[in-house]
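Structural overview
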Amino acid sequence: MSKEISERELVTELLGNLRRGGGAVFEVAGPPGSGRTAVVWRIADHLTGQGIRLVAARASAVESDVDGAVLARVMADLGVDPDSSTTALCRAVLEAGPLVLVFDDAQWMDERSVAWLRALLRRIHRGPVVVALATAGLGTAAEDVLAEQAEDCSVTAPPWYVVRLPAPIADEDRIARTLQLVSEEDTRLLRAMAVCGFEWSLVRELADLDRVLADRALTRLRGLGLVATDEPGMTDDVARAVLAAMSGDQRDELRSRAVVLGHRAALGFERMGALLVEAPPGGTPWARQALQRAARVLAATGSTADAARLLIRALDEPADEATRADILIQLAQCELDHAPEAGDRRLVRVLHMTDPAVSDARLRAADALACREHHGVSRRAIETALAHPDLAESEQEALRGLYWYVVSVAGEHDELGVPAVPPLRDPPVDPVCKGIAAWRLARGGSGGALAVALATSALAVRGSGPLTPRIAAADVLSWAAEYETALAGIDAVLVDGRRYGARVTVVEAMALRCSVLLRQGRAVEAAEELAGMEAELPRDCWRPLLGARHLVLEVVLLLAAGLVDEARQALARKTTTGVAHGLTYAWRLFAHGLVALVPDPATAARTFVECGRCLRDMGVVNPAVLPWRLFAAVAWRAAGEVAHADALLAEAQDLAAEWGVPGVLRETQEFADVVNGLPAGEAAKAFVARLLPGFFVRNPVTAGRLSELTRG
C-alpha cells in the first residue's frame, strides 16, 4: 500500500516501529544534487534526538571495488569483527538496537557489503533497527529484498518508506566539478556517449571498452548523476560539458571514428545523419548519400529544418557539379517552410551553373522557381541561364517555355519593352513548350482543338523533368471538359512531384484536382482533396495566387453545402495583398462575388465584372477559365438589370463557340438556359438562393457529408 505522509508523521511511525521492537526501511532516491543526503540526515537527526543510537557509513565510487569497505566501517562503530559470519554480523546489529543505520550514496556499496545488507533486511523485522538509504535510484538491496518478501507470504516484510526527489536544475559548475572526478575509462565512455549515445553497442566500441568494463563505468556515471538512470543517455547540459572539455581535434577525431563505425554497423539513415552532421567531411560518397537520404526521411515527416541542416552539411562533402545541383534543389525544397528567400538563391545558383551535366538540374531549378511566384527573380535567373553559350537546343527550348510561363502569370514583360527571350516556336516541338503553348493559347480562348492536342502531348511525358508545364496542360484539358484525361495527368504529376520533393507543385496539382472534381460535380471528393492541401504544405508557404484559388474552391464548397456564414468567415480570414490587379486579385474578387450573390446581387455583379476586367488585362479571355460572365449574368438578373445579363450571356456563348470545344459550349448553353429562366428583380433573390448549390454541384451529394468536410 502507498500513501502520502508528512515528515513529522514519518518520524512518528519510525519511532513507533522501534518501540514495538521491529525494524523499518527508509529510502531517499534522487540524482546527485537533488538533496537526498540532506533529507536522510534530517530524518536521522529527528530519531537520534529521541535517544536512538546512530551508525553511519558513506559509500564511494573509489571504494566500490573494495570488498567489505562499507561493512567494515559499520562494524568498527559497533565494535564487531567484520570477518565474522554473515549471521553473526546481522545478529550484532539487531542486538545493538534501537539503532538507525544510515547508508549515504548506497549505489556505490561494494558486493560484500550489499550481500550483508540483503541478509540484514531479511531479518530486520526481528529487531528495532531502521535502515536509512540515500541512493541514486538505481535499484538497491532494499528494493530487491522487499520485493522478495512481498511475494513470500510466510515472511514478515518490514515497513518501507520511499521518497523520490526530482532532478535538480542543471548546474554547470557542479557538472564541471564532477567531470574532474571520473576515471580515464569513465571519461572515454562519456565522450563516446556525448557523440553517439543513442547506440549503446557503438558507444562501447567507440570508447574501446568491453561489455563488462562499459557496464561498470555506466553504473559509476549513473551514480554521479552524469548519465540517466533508466537508459544509457545523458542530458544536453552534460553532453555539452563533456564536449567542451575536449579540444577541437579530439572532437573531430572521435566523430570521424563514430561515423566509420556507424557505417560498418549499417546504422539507419536517420542515425547516420545525426552522426554525420556533426562530423568533419570525410570525402566518401556514402557519407553524402546517407545525409541526403536521412534528409528525405526527415522532410517526409515534416522536419524540414532538420533536413535542411543535413543537406547543408552534405554540401561540405566532395561531389561533382550535377550532384551538388541535386543537393541544392533538395535543400531549396526543404527551406520553403523557414527560409524561402535562401531557397530561391540556391535555385538561382543552380541556374547559373554552366556544366553540361547539370542540364536536368537546371530545368528542375527553373521549374521550381516558376512555381514560387517570385516572378522577377525567376525571370532574370532564366534569362541568365539562357545566356550560357553551351546549352543544348532542347534545354534552350524548355527554359524558353518556362520563361514565357512566368511572364504570362506575372503579366510583366521586360523592363525595356523588348523581349529578352525569343518567343516560343510555332508549332512547338519540346514537351515543355507544348504544355506552356497550349496553356497560353487556351487562356486567349481560341484554337481549342490545337490546345487540347498540345496539352495531351505534353502530359505524355513522365519522370523528373519540369512539372509546371504538365500542370498547365492539365489545366487546359479541364477548360476543354476533358476531365478524366486531366485527372490522369494530375495524378501522374502528384506521383512525380512527391517522388522528387516538389512540394509547391504537389499542392498546385491538388488544387487543380479539386477544381476538376468540382467541374464534374464530385463535391465530396473535391472537399477531401482541398482538406489535404494544408497537410502537404503549410498555408504560410503558399504563394498568393495559390491562396486565392484555394479561397475560391473553399467558398464554392461551403456555398454548395449551404454554409453561407462559414463562406463569409472564410473571406474574412484571408488577408489581401493590397494589389488591385493581376490573377490573384481576380480570383479573390470572384470569391467575394459568390458570397455576395444572394444578399446583394448588384454588388456581386459589379464584383464579377471587375474580376473579368482583371482577367482580360492578363490576357485571359476564355470563359472556361473562370465563369465570371455567367455568374455576373445571374447577379444582374437578380438585381433587375436584364439587359446587362443578356449581354453577358451572349458574350459567354460567343466566346465558348470561339474556343471551339463542344463540352464547354454545351455547359455554357445549359447554364444560360437556367439564367434565362430566372425571374427578374426581387423575386429572383429567393430563386437564386435555392438554385445556388446546384450551380456548383450538378450531381446529387449527401449534404450532411459535404457540410462535415467543409466545416472540418
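Scroll up to find the structure.
Let me begin by describing the structure that accompanies this report. (Residues numbered from 1 in each chain as written. Predicted model: local features only at pLDDT ≥ 70, side-chain atom pairs only at ≥ 80, totals over all residues. Heavy atoms only, no water.)

To continue, consider the packing of aromatic side chains. Evaluated as defined, the whole model comprises 7 aromatic pairs. With centroids separated by 5.3 Å and ring planes inclined at 85 degrees, the aromatic side chains of tyrosine 403 and tryptophan 404 adopt a geometry described as edge-to-face. As far as the burial class goes, tyrosine 403 and tryptophan 404 line up, both buried. Judged by centre distance (5.9 Å) and plane angle (90 degrees), the ring pair of phenylalanine 590 and phenylalanine 631 falls under edge-to-face. Remark: phenylalanine 631 occurs in helix α32 (residues 628-638) and phenylalanine 590 occurs in helix α30 (residues 582-596); sequence separation between them is 41 residues. The same class applies to phenylalanine 590 as to phenylalanine 631, namely buried. One aromatic cluster is present, built from ring pairs that chain together Phe590, Phe608, Phe631 and Phe671. Over the face of the ring belonging to tryptophan 439 we find arginine 443, whose NZ or CZ atom lies 4.4 Å from the ring centre. (Phe/Tyr/Trp six-rings, centres within 6.5 Å; stacked < 30°, edge-to-face > 60°. Buried < 20%, exposed > 50% of the residue type's maximum accessible area, 1.4 Å probe, protein only. Helix = DSSP H or I, 4+ residues; strand = E, 2+ residues; numbered from the N terminus. Lys NZ or Arg CZ within 6 Å of the ring centre and 35° of its normal.)

Along the polypeptide, glutamate 529 turns up in helix α26 (residues 523-531). Glutamate 529 has contacts with Leu494, Met510, Arg513 and Cys514, leaving out every residue within four places of it along the chain. (Contact = heavy atoms within 4.5 Å.)

At a closest axis distance of 10 Å, the pairing of helix α19 (residues 375-386) and helix α20 (residues 393-410) adopts a crossing angle of 160 degrees. When the axis of α19 is compared with that of α20, the two are roughly antiparallel. Crossing of α19 against α20: the hand is left-handed. Residues His375, Ser378, Arg379, Ile382, Glu383, Ala385 and Leu386 of α19 touch α20, and the partners they reach there are Gln396, Leu399, Arg400, Leu402, Tyr403, Val406, Val407, Val409 and Ala410. Tallied by class, residues from the contact of α19 with α20 come to 10 nonpolar, 3 polar and 3 charged. (Axes fitted to C-alpha atoms, helices over the stretch in contact; angles between N-to-C directions. Parallel < 35°, antiparallel > 145°, perpendicular 65-115°, else oblique. Left-handed = near helix turned anticlockwise from the far one by under 90°. Nonpolar A, V, L, I, M, F, W, Y, C, P; charged D, E, K, R; others polar.)

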